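These are the residues of each chain, in order.
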Amino acid sequence: MHLIGEPIHWVLTLYVNGASPRSSAALANIRKICDHELAGRVDLKVVDIRTDPEAAIRDKILAIPTLVKHQPAPIRYLVGDLANEARVRTALEIISVVDQP
Amino acid sequence: MVKPKDTQSAALDLAASLVRPLPKAPTGIRGFDGISAGGLPRGRPTLVAGASGTGKTMFAMEFLLRGIQDFNEPGVLFTFEESSSDLIENMASFGFDLESLITKELLIIDALHVEASEIVATGSFDLEGLFLRLEKAIETIGAKRIVLDTIEVMLASFGNDQIVRGELSRLFRWFKERKLTAVVTEERGREGSLTRYGFEEVISDCAILLDHRVHEEISTRRLRILKYRGSEHGTNEYPFLITDRGFVVLPAMGAEAITAASDERVSTGMEKLDKMLSGGIFRGATLLISGRAGTGKTTIAAQLVDAACRRGERCLFISFEESQSRLIRNMRSVGINLQQWVDAGLLKIWAERSTAYGLEEHLGRLDRMLEEFGPQVTVLDAMRSLAELGPVRNIRATVAMEIDMLKSRQITSVITSLTHRSEDESSAVGVSSLTDSWLVLRNIEMNGERSRLLFVIKSRGMPHSNQVREFKLTSNGAELIEVMIDPRGTILTGSARKLQLDRFARIANNRRAAIRRNQVVLQRRTAVLQAEIAVLENEMEAASADLEKANEEQVRRQAALAVDQAASEQIREV
């Protein structure tokens, strides 16, 4: 999917609903990944639909929390609190990166 | 009618509907508001379920768009299937201008199609984003109606069914709190269940099932109201059409149109046929005329039309077999002038090859014509032609729909049915149960010629003659005559009938001559006897005069004798 040696950069947006338990869990789960495997190679934007409802409407986000992976392509919508770590990693294509020499 | 479910809840529903009539939001969908006693439950959610391609989107869109156009209720559409541009284009073909409604801020279309492959379920969630979006759209235009078109496909990709159930319940409650008349469409679930999650119909106030069967290229659509909390509703499966004017539920009438059967008689235009039917057929009834080619079905139908036009009624003649000009010419040859009624605007002849249109389109056009022209009498000549669209067994379903459409409008109808072979009369039998009266025409061939016979097979709700009549096509239309039956019980028609009539005439003449002869003889005899009586009377008078004279002589002599005796006794005593 990605050429070896190509510099990969992640662009992610997480939509949350204030500090609800699910939103807090999702934020914690993605922070953990961003701070480790993806450290230095990720832009994570957090949108709180309580303070910025227009953003969720504009971006057509229906389920909360949702993490959108804009980069690397293809786009993916990760719906839920990101509790299923294996699925999250697969969806973010982190495994292929770790496998690189 | 109350839906026959468990009696307790049915009773509660009925009680609720009696206490205060449930407010309803008319859909404006032709025919639907009639069977649902006024439309969908106002301010409540309705589920519309059906397999793909059954017309769910059409139903929902028409509810929304007619709500805007006819009832001044702004509406919001959330579609999870189509793009807005596709939808705008599709609805334009049914005469709806969505763009202008959007510009006027009466309609919001939100297309939210997401590829399921782009969604990854990773844990628990809620639908707060959807609620935000709904809230915003509704506030923007002050929406009263809302449609969610197949949301469940997207929800399924979110993974957690338990959460989805909870969120759907919340959504339906939310509709009620905001008093939104909502339509939620869903694909039918697998394994015969109505919905994907199996409970959407429970949390809806009204549930409608759409069905579409295509059998040998004939499409049949059916609509059924499965539940309607707190309201009466029709429980049948109603056929419906998707026509160029949109969704039409048959019999396509409002609730007010269901009227009592008429007692009024309509003349068939043939005095003797009316007599056989004890006065004609009932207004709004259906008369079936079946028979093989050339038995005169069309003529009898035309005669009835002619009589109706004479009374100033409007007639629609649907001819699947002949063009307007041929029909008029053929009927003129038997003395029926249809052209005058066409000119007077009382008769409309709709001639088309049934194969030129699909069955559904045909019914749609019929519905439109009935509405626009408003006939009191309609002829379908001949229904068998409809079968060119598919197998014979589909005639019944089609004719049933046609009869429904006509009956519900109290239109007196004549349906002719062409039968080819004798076993084909069984196909007419299948349809005949849907009709009120049934005439069978038969040509019989005897002594090298053909004659026409007419039988009244049945006539619902009236006494009718069981006799057969011969009928003739004269230059004054069809004319019924009593049939002749010879001493062996054989029906005599045509020239056999004429021969028999001649024979009868000869016999009658002979008898009259014999009677005249006998009368002369009798007169003569009478004169002779009367003369003899006169002679005998004279003799009798003479004889009695002689006898009386003789008797007087005897009395006188006896008296003289008595005097003599008395004198002689005196002498002896002295």
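Residues numbered from 1 in each chain as written. Chains lettered and ligands numbered in written order. Predicted model: local features only at pLDDT ≥ 70, side-chain atom pairs only at ≥ 80, totals over all residues.

In this section: the overall build of chain B. Secondary structure summary: chain B contains 17 helices and 25 strands in total. Buried residues in chain B amount to 41% of all 574 residues. Sequence separation of at least 24 residues holds for 71% of the intrachain contacts in chain B that already meet a minimum separation of 6. (Helix = DSSP H or I, 4+ residues; strand = E, 2+ residues; numbered from the N terminus. Buried ≥ 20, exposed ≤ 12 C-beta atoms within 10 Å, placed from the backbone. Contact = placed C-beta atoms within 7 Å.)

Turning next to the overall build of chain A. Counting secondary structure elements, chain A contains four helices and four strands. Beginning at the N terminus, the succession of helices and strands in chain A can be written as β-α-β-α-β-β-α-α. For chain A, the residues scored as buried account for 33% of the 101 residues in total. For chain A, long-range pairs separated by at least 24 residues make up 64% of all intrachain contacts whose partners lie at least 6 apart in sequence.

Reading fine detail from the predicted coordinates is not recommended where pLDDT is low. All names here are of chain B. Considering every residue of chain B, the mean pLDDT works out to 82; 84% of them sit at 70 or more. When the criterion is pLDDT under 50, residues 254-258 qualifies, and its contacts beyond four places in sequence or with other chains add up to eight contacts. Both confidence scores are given for the complex: pTM 0.67, ipTM 0.88. (pLDDT = per-residue confidence, 0-100.)

Here the focus is the interface of chain B and chain A. On the chain A side, the residues contacting the 18 residues of chain B number 26 residues. Those elements that place two or more of their residues in the side of chain B that touches chain A are β6 (119-121) and α6 (128-141) of chain B. A per-class count over the side of chain B that touches chain A returns nine nonpolar, four polar and five charged. As paired strands, strand β4 (residues 76-79) of chain A and β6 of chain B are joined by three bridges and run parallel to one another. (Nonpolar A, V, L, I, M, F, W, Y, C, P; charged D, E, K, R; others polar. Pairing = 2+ DSSP bridges.)

What follows is about the sheet that holds strand β1 (residues 10-16) of chain A. What the five strands build is an open sheet, ordered β2(A)-β1(A)-β3(A)-β4(A)-β6(B); its pairing is mixed. Each of the sheet's edge strands pairs with one partner strand only, and the pair in question is β2 (42-48) of chain A together with β6 of chain B. Ignoring strand direction, the axes of neighbouring strands in this sheet form an average angle of 20°. Taken together, the four bridges between strand β3 (residues 66-71) of chain A and β4 of chain A define a ladder with antiparallel strand orientation. (Axes fitted to C-alpha atoms, helices over the stretch in contact; angles between N-to-C directions.)

On to the pairing of strand β21 (residues 449-459) of chain B. All names here are of chain B. Pairing analysis gives ten bridges linking strand β20 (residues 437-446) to β21, with the strands arranged antiparallel. Across the sheet, E445 pairs through a bridge with R450, a residue of β21. One ladder, built from four bridges, connects β21 with strand β22 (residues 468-474); its direction is antiparallel. From the neighbouring strand, R452 faces β22, where its bridge partner is F471.

It is worth spelling out the environment of S124 of chain B at this point. Secondary-structure assignment places S124 of chain B in the loop between β6 and α6. Once the C-alpha coordinates of S124 of chain B and V164 of chain B are considered, the two residues, 40 residues apart in sequence, prove to be 9.9 Å apart. With residues near it in sequence (within four places) discarded, S124 of chain B still touches R22, G80 and D81 of chain A together with N160 and I163 of chain B.

As a further point, take the nonpolar core. A general tendency of soluble globular proteins is for nonpolar side chains to be buried together. Within the largest apolar cluster, 147 residues are counted, with the highest numbers of intra-cluster contacts made by V79 of chain A together with I208, V249, V305, C315 and L347 of chain B. Examining the composition of this core, we find that eight residues originate from one element, helix α11 (residues 297-310) of chain B, more than from any other. Each of two domains, domain 1 (7-12 + 24-254) and domain 2 (265-482) of chain B, supplies a minimum of three residues to this core. (Core = buried A, V, L, I, M, F, W, Y, C linked by C-beta atoms within 7 Å. Domains from an automatic or database assignment.)

Note on sheets: strands pair through backbone hydrogen bonds, and any given pair is parallel or antiparallel. Residue and element names in this part refer to chain B. In space, the nine strands of this open sheet follow the order β17-β16-β18-β19-β15-β20-β21-β22-β23, with mixed pairing throughout. Since the sheet does not close on itself, it has two edges, and those belong to β17 (347-351) and β23 (477-482), each with one partner. Ignoring strand direction, the axes of neighbouring strands in this sheet form an average angle of 20°. Here strand β16 (residues 315-319) runs beside strand β18 (residues 377-381); their pairing, made up of five bridges, is parallel. By the bridge assignment, L316 is partnered in β18 with T378. Together, β15 (286-291), β16, β17, β18, β19 (412-418), β20, β22 and β23 form the strand contacts of α11, whose direction differs from that of β18 by roughly 165°.

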